2 protein chains.
Amino acid sequence: MSKKLTKRSEDYSKWYNEIVSMAELAEVSAVRGCMVIKPYGYAIWEKIQKELDKKFKQTGHENAYFPLFVPKRLFEAEEKNAEGFAKECAVVTHYRLKNDPKKNGKLIVDEESKLEEELIVRPTSEAIIWNTYKNWIQSYRDLPIKINQWANVVRWEMRTRLFLRTTEFLWQEGHTAHSNEDEAIEETKLINNLYKSFVEDFMSISVITGTKSESEKFAGAEETYCIEALMQDGKALQAGTSHFLGQNFAKAFDVRFSKDDGSLDYVWATSWGVSTRLMGALIMSHGDDQGLVLPPKLSPYQIIIVPVFKSPDDLVLINQYLENLKQQFNKLGIDYKIDERDNVSPGKKFNEYELKGVPIRLCVGLRDIEKKTIELFRRDEMKKLIIPIHEASMQIEKLLFDIQENLLKKSKIFLKNNTKIANNYDEFKSMIEDGGFVLAHWDGTDHTEQKIKKETKATIRCIDDTFSDEGICIISGKKSKQLVYFAKAY
Amino acid sequence: MSKKLTKRSEDYSKWYNEIVSMAELAEVSAVRGCMVIKPYGYAIWEKIQKELDKKFKQTGHENAYFPLFVPKRLFEAEEKNAEGFAKECAVVTHYRLKNDPKKNGKLIVDEESKLEEELIVRPTSEAIIWNTYKNWIQSYRDLPIKINQWANVVRWEMRTRLFLRTTEFLWQEGHTAHSNEDEAIEETKLINNLYKSFVEDFMSISVITGTKSESEKFAGAEETYCIEALMQDGKALQAGTSHFLGQNFAKAFDVRFSKDDGSLDYVWATSWGVSTRLMGALIMSHGDDQGLVLPPKLSPYQIIIVPVFKSPDDLVLINQYLENLKQQFNKLGIDYKIDERDNVSPGKKFNEYELKGVPIRLCVGLRDIEKKTIELFRRDEMKKLIIPIHEASMQIEKLLFDIQENLLKKSKIFLKNNTKIANNYDEFKSMIEDGGFVLAHWDGTDHTEQKIKKETKATIRCIDDTFSDEGICIISGKKSKQLVYFAKAY
């Protein structure tokens, strides 16, 4: 903890890596591109899981579990999907090791255990799931199927960064089956809205929403809806996606159902997911030069209590003094932790919990007992104040609510201040260089999109249909149906 | 649902497979030996997870996540562990597919993407975790570390059965690090007791506990504690294990810490786990010829309500009649489901929920409204009774408690009635043939153990130190320190 955190303005990327490490969220592992999620980081992920899971269930989804492996012949069935993931997938080819005859105590792959058909470690589960749904669906009475899975997936990324892009990551993937197109599209939108409200209400991050362009959409989808957040360095981060898959997977796996009129039709599909990438969004949205800043609803504990004591007797007195307050926290459902270590100074503890982004720190010494006070520190504003102990629980309950709101408010202002409209390509280039979202007219062609990407590194982050004013494409001068969001992105 | 369930007495194995399928718990997948856990089965697993997770956290454990893959050089570091799993592990050798130049639309492994070092899909995570702990532990101040992980693991089993033995399965694996042997042994025992109380209190299954023999213990452990349950066909099922790993992994990965006196020592370790195999134990412990029987604490919903109606108006009346009862269920935290399908007869619904093992079924028709009654059916006893609606919630709350207790009581009696003491080998063989646990004196040698296994298929299930009376080995006639538990096992 003695190492000082790099300032965001000095090196944002270094700052990010240091926070992940110093706040004990995650670390690189011995496996190329895979991470170890440490207990403090995992506790945040668990809170994310719990809240999302509740929302999925409230909207009629059930959890299930499908195999980790996808046999090659299933993997390749939906061509676009296969093409999208073929270049980055881990392939299991053997199922046994044997002793190395040349080196004692070492193992080698047993060539005799070669699989007849290779297994792909799932990069996403549409293939294995639609091959399963095939047997579950005969009639419209079997629809809709609305299933979610919490799982690990593997995509062989060349450049990895903790949480943001790792070879293995944790996620949830929803896979639904419907008897008609409208219902499937409604589901796709419902989930995208669910993601938006989760990210705003729990992560305190403001996002833009819309659909992806043809080149940015999910491999195998008809339409990809997304939520996009803006990080403090002005780069966008895709935080969640919800795909309308049309009948593509039903056709690839021959999943047909009899309608109420007796005719046969292919089933309509959606899939959607958010991943441990959200952890990256959380860190980069709220963190400051002192470390992580956690919204109270996702913090492993909302309160850290640091007792200032010189002897075990002092500590006993302090704990007696806190007894009533702790009971009130329990009653209010506020998670707190007391750090009673005697080999770490209060100052060092302060630094540690500032780094870890705990929303509120309470500090109590013998003088507080005399004065019937407690020292309160709110992490988001880095502000300290002394309050009467008898008012503490009431003030803290309100403060936690305020912190949650305050972070979202800041995020909204940041998003607003960093979203600009470019009227021509020169303006566009300079705005993109500055960072943030840039709204511009685009002629809808892949050619223009790729030219912009090549020249500015900006991609179309999303197309929000509420911006439906016609205009002129900033590149080609052709007619444009609407403004779309561009940004450089993670 | 028209298919009739095979009777246990006819073919227990077939009965098991049919329940798994007909109660919609799981099914075989397109991937050899891997299963799809269906929503109803997964909902039970989620309840198991939730309760265990609570117990782990209450005893000071934290969750974290470690990589799916283990590089070969780490996998082979602890020799016994490596030897134990080398013959049944999935090996990733490549990270890319490419288009098959010979077949349009097909993919083949891209040989250019061959990995320099193969990756093993974790069969268990001691290797990857101890390689990580190495960097976390310097001083006794860093100990203990008490981490649990919920994860999927892969063991390439030749003969698989849903839940009982699958290539991929879900589990939790705890991995703790301690500064001294006693503390590590205490932890190992604490967890074994935690498993025992979970299985008894939540799954209503009575178990025996003790340690494994040398040949049956975990590869790499000094001592394996276990809980063993007895299925209705007289075969034992290992339901959970807790391993004292000594300093084996610390030595293999060179994990040393400085003690408070400044000297260096290797760290002491434990690991422990239960898996989706528990689902198999649950099915086989309580199921009967009508299907699954679930203990209320783990049933996805405790009550199924079947309204008997001829018109939508009837249904409205019935729902009005139930309004107050439903509110009381909500208040009492009792999960219920109402099956309002109009294309399935009440009789078929009855069969369906009997198959699914829902603890209590309520049936309401117009006549019940007149009489102010409700029809109640308890699944464990297959008994029906009519009760006044105003007493229903109170009676049901108590009944759920009784069912949970009743199942455990039956399980205890079954275990007791099927545990015998053999005084000689002939008696032993005939008892083993009959099924159940057989307590017998054993001379402690591997030779005798293997002879018994070869001749009777019985293995030592566990050694319970409370049976410490000396005697004579039933095979060799040599001195025996105590009676040990034998059985044929899953």
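About the thresholds
- Residues numbered from 1 in each chain as written.
- Chains lettered and ligands numbered in written order.
- Predicted model: local features only at pLDDT ≥ 70, side-chain atom pairs only at ≥ 80, totals over all residues.
- Heavy atoms only, no water.
- Helix = DSSP H or I, 4+ residues; strand = E, 2+ residues; numbered from the N terminus.
- Buried < 20%, exposed > 50% of the residue type's maximum accessible area, 1.4 Å probe, protein only.
- Contact = heavy atoms within 4.5 Å.
- Areas by Shrake-Rupley, 256 points an atom, 1.4 Å probe, with all protein chains shown as cover.
- Phe/Tyr/Trp six-rings, centres within 6.5 Å; stacked < 30°, edge-to-face > 60°.
- Lys NZ or Arg CZ within 6 Å of the ring centre and 35° of its normal.
- Axes fitted to C-alpha atoms, helices over the stretch in contact; angles between N-to-C directions.
- Parallel < 35°, antiparallel > 145°, perpendicular 65-115°, else oblique.
- Nonpolar A, V, L, I, M, F, W, Y, C, P; charged D, E, K, R; others polar.
- Patch = residues over 30% accessible without salt bridge, like charges linked within 9 Å, V, L, I, M, F, W, Y side chains within 5 Å.
- Salt bridge = Lys/Arg side-chain N within 4 Å of Asp/Glu carboxyl O.
- Lys, Arg positive; Asp, Glu negative; His and termini not counted.
- Charge placed at Lys NZ, Arg CZ, Asp CG, Glu CD.
- Polar contact = N/O pair within 3.5 Å; in protein donor to acceptor, adjacent residues only side chain to side chain.
- Buried area = accessible area lost by both parts, 1.4 Å probe.
- Pairing = 2+ DSSP bridges.
- Domains from an automatic or database assignment.
- Least-squares fit on C-alpha atoms with pLDDT ≥ 70 in both.
- Left-handed = near helix turned anticlockwise from the far one by under 90°.

**A few points about the overall build of chain A**
Part 1 of the argument: Regarding its fold elements, chain A presents 14 helices and 27 strands.
Part 2 of the argument: Expressed as a percentage of the 490 residues in chain A, the buried residues total 60%.
Part 3 of the argument: The contacts of chain A with a sequence gap of at least 6 include a subset with a gap of at least 24, amounting to 68%.
Part 4 of the argument: With the model as given, the accessible surface of chain A reaches about 20900 Å², and the carbon-plus-sulfur share is 47%.

**Examining the packing of aromatic side chains**
Part 1 of the argument: Counting across every chain of the model gives 38 aromatic pairs over all chains.
Part 2 of the argument: Plain terms: the ring middles of Phe244(A) and Trp268(A) are 6.2 Å apart, the flat faces sit at 10° to each other, and that makes the pair stacked. One end of the pair, Phe244(A), is in strand β13 (residues 236–246); the other, Trp268(A), is in strand β16 (residues 268–275), and 24 residues separate them in sequence. Trp268(A) shares its class with Phe244(A); the two are buried.
Part 3 of the argument: Site record: aromatic cluster; members linked through ring pairs are Trp45(A), Phe56(A), Trp150(A) and Trp272(A).
Part 4 of the argument: Arg361(B) extends its terminal NZ or CZ atom over the ring of Phe377(B), reaching a point 4.0 Å from the ring centre.

**Some points on the packing of helix α2 (residues 39–58) of chain B against helix α8 (residues 277–286) of chain B**
Residue and element names in this part refer to chain B.
Part 1 of the argument: Between α2 and α8, the least distance of the axes is 10 Å, while the angle of their chain directions is 105°. In terms of axis orientation, α2 runs roughly perpendicular to α8. Across the interface between the two elements, Gly41, Ile44, Trp45 and Ile48 of α2 pack against Leu278, Met279 and Leu282 of α8.
Part 2 of the argument: Residues belonging to the contact of α2 with α8 are distributed by class as follows: six nonpolar, one polar and no charged.

**Section: a negative patch on the surface**
Residues and elements named next belong to chain A.
Part 1 of the argument: A surface patch of negative charge is lined by Glu181, Asp182, Glu186 and Glu222.
Part 2 of the argument: Considering the arrangement of structural elements, one finds glutamate 186 in helix α6 (residues 181–201).
Part 3 of the argument: Owing to a relative accessible area of 49%, glutamate 186 belongs among the partly exposed residues under this scheme.

**As for the side chain of His175(B)**
Residue and element names in this part refer to chain B.
Part 1 of the argument: Inspection of the secondary structure puts histidine 175 in strand β10 (residues 168–178).
Part 2 of the argument: At 2.8 Å, the side chain of histidine 175 forms a polar contact with the side chain of glutamate 173.
Part 3 of the argument: Histidine 175 has contacts with Ser125, Glu126, Ile129, Tyr133, Ile145, Lys146, Ile147, Thr270 and Ser271, leaving out every residue within four places of it along the chain.

**Overview of the interface of chain B and chain A**
The accessible area lost on association of the parts is a frequent measure of interface size.
Part 1 of the argument: Taken together, the contacts link 66 residues of chain B with 66 residues of chain A.
Part 2 of the argument: Taken together, the two surfaces of chain B and chain A that pack against each other cover about 5400 Å², and 65% of this comes from carbon and sulfur.
Part 3 of the argument: Counting across the chain B and chain A interface gives four salt bridges.
Part 4 of the argument: A salt bridge links Glu46(A) to Lys57(B); the nearest nitrogen and oxygen atoms lie 3.0 Å apart.
Part 5 of the argument: For the pair chain B and chain A, the number of links is 32 residue pairs in polar contact (both at pLDDT 80 or more).
Part 6 of the argument: Along the lines of polarity and charge, the residues of the side of chain B that touches chain A split into 38 nonpolar, nine polar and 19 charged.
Part 7 of the argument: Pairing of strand β5 (residues 91–94) of chain A with strand β5 (residues 91–94) of chain B, which is carried by three bridges, proceeds in the antiparallel orientation. Following the sheet pairing, His94(A) is matched in β5(B) by Val91(B).

**With respect to the sheet that holds β10(B)**
All names here are of chain B.
Part 1 of the argument: Ordered in space as β3-β9-β10-β16-β13-β12-β11, the seven strands form an open sheet in which the pairing is mixed. A strand with exactly one partner marks an edge of an open sheet, and here the two such strands are β3 (62–63) and β11 (207–211).
Part 2 of the argument: Pairing of β11 with strand β12 (residues 223–230), which is carried by five bridges, proceeds in the antiparallel orientation. In the strand pairing of β12, glycine 210 is matched with cysteine 226.
Part 3 of the argument: Against the sheet, α2 touches β3, β9 (145–154), β10 and β16 (268–275), its axis set at about 160° to β9.
Part 4 of the argument: Against the sheet, α8 contacts β13 (236–246) and β16, and its axis sits at roughly 145° relative to β13.

**A look at the sheet that holds strand β23 (residues 437–441) of chain B**
All names here are of chain B.
Part 1 of the argument: Strands sit in the order β22-β23-β27-β24 across an open sheet of four strands; the sheet is mixed. The sheet terminates laterally at β22 (419–421) and β24 (459–462), the two strands that pair on one side only. Each strand of the sheet is rotated relative to its neighbour by a mean of 40°, with strand direction disregarded.
Part 2 of the argument: Relative to β23, β22 runs parallel, the two being bridged by three bridges. Paired with isoleucine 421 across the bridge in β23 is leucine 439.

**Some points on the pairing of strand β21 (residues 383–388) of chain B**
All names here are of chain B.
Part 1 of the argument: The sheet contact formed by strand β20 (residues 373–378) and β21 spans six bridges and is antiparallel. Its bridge partner lying in β21, glutamate 375 is registered against isoleucine 386.
Part 2 of the argument: Between β20 and β21, which pair antiparallel and follow one another directly, the connecting turn spans four residues, one of which, methionine 382, has a positive phi of 50°.

**Quick notes on the domain arrangement of chain A**
All names here are of chain A.
Part 1 of the argument: Its domain assignment divides chain A into domain 1 (12–286), domain 2 (296–407) and domain 3 (419–487).
Part 2 of the argument: Computed from C-alpha coordinates alone, the two centres of domain 1 and domain 2 are separated by 39 Å.
Part 3 of the argument: For domain 1, the biggest contributors to the area lost against domain 2 are Tyr40, Lys47 and Phe202; these three give 45% of the whole.
Part 4 of the argument: Our enumeration of links across domain 1 and domain 2 arrives at two salt bridges.
Part 5 of the argument: The shortest N-O distance in the salt bridge between aspartate 335 and lysine 47 comes to 3.4 Å.
Part 6 of the argument: Counting every contact that joins domain 1 to domain 2 gives eight residue pairs in polar contact (both at pLDDT 80 or more).
Part 7 of the argument: Counting only elements with at least two residues in the side of domain 1 that touches domain 2, the list comes to α2 (39–58) and α8 (277–286).
Part 8 of the argument: Ranked by the residues each element gives to the side of domain 1 that touches domain 2, the list is headed by α2, at five residues.
Part 9 of the argument: Class assignment for the residues of the side of domain 1 that touches domain 2 results in nine nonpolar, two polar and three charged.

**A short note on the pattern of salt bridges**
Part 1 of the argument: By the definition in use, this model includes 57 salt bridges over all chains.
Part 2 of the argument: Of the charged contacts in the structure, one is a salt bridge between Asp265(A) and Lys259(A), with a shortest N-O distance of 3.8 Å.
Part 3 of the argument: Glu455(B) serves as the salt-bridge partner of Lys451(B), at 3.0 Å between the closest nitrogen and oxygen. One end of the pair is Lys451(B) and the other is Glu455(B), both in helix α14 (residues 446–456) and four residues apart, which spans about a single turn.
Part 4 of the argument: Its relative accessible area of 32% is what places Lys451(B) among the partly exposed residues.
Part 5 of the argument: Several salt bridges share partner residues, and in doing so they unite Glu24(A), Glu27(A), Lys38(A) and Lys356(A) into one network.

**Brief notes about the relation of the copies chain B and chain A**
Part 1 of the argument: Between chain B and chain A, the superposition needs a rotation of 180° and an axial shift of 0.0 Å, giving an RMSD of 0.0 Å. The operation mapping one copy onto its partner corresponds to a two-fold rotation axis. Considering only C-alpha atoms, the part of chain B nearest the rotation axis is Val92(B), at 2.1 Å.
Part 2 of the argument: Looking at the interface residues of chain B, 100% of them are also at the interface in chain A, so both copies use one shared face.

**Overview of the pairing of strand β8 (residues 114–121) of chain A**
All names here are of chain A.
Part 1 of the argument: Two elements, strand β4 (residues 69–71) and β8, share three bridges in a ladder whose sense is antiparallel. Paired with proline 71 across the strands is leucine 119, a residue of β8.
Part 2 of the argument: The sheet contact formed by β5 and β8 spans three bridges and is antiparallel. Of the residues in β8, the one forming a bridge with valine 91 is isoleucine 120.

**Some words on helix α10 (residues 346–355) of chain A**
Part 1 of the argument: The set of residues buried in α10(A) consists of Lys349(A), Phe350(A), Glu352(A), Tyr353(A), Glu354(A) and Leu355(A).
Part 2 of the argument: In this fold, the buried residues of α10(A) make contact with α1 (12–22), β17 (303–307), β18 (336–338), β19 (360–364) and β20 (373–378) of chain A.

**What about unusual backbone geometry?**
Backbone geometry follows two general trends: most residues other than glycine have a negative phi, and most peptide bonds adopt the trans configuration.
All names here are of chain A.
Part 1 of the argument: Between leucine 143 and proline 144 the backbone carries a cis peptide bond, its omega angle lying at -5°.
Part 2 of the argument: As for its placement among the helices and strands, proline 144 is situated in the loop between α5 (126–136) and β9 (145–154).
Part 3 of the argument: Even without being glycine, serine 204 reaches a positive phi, approximately 55°.
Part 4 of the argument: Take serine 204: it is sitting in the loop between α6 and β11 (207–211).

**What about the packing of helix α9 (residues 312–332) of chain B against helix α12 (residues 392–417) of chain B?**
Residue and element names in this part refer to chain B.
Part 1 of the argument: Running from amino to carboxyl end, α9 crosses α12 at an angle of 40°, the nearest separation of the two axes being 10 Å. The angle between α9 and α12 places the two elements in the oblique class. Between α9 and α12 the crossing geometry is right-handed. Residues Leu325, Gln328, Phe329 and Leu332 of α9 lie in contact with α12, whose contacting residues are Ala392, Ser393, Ile396 and Glu397.

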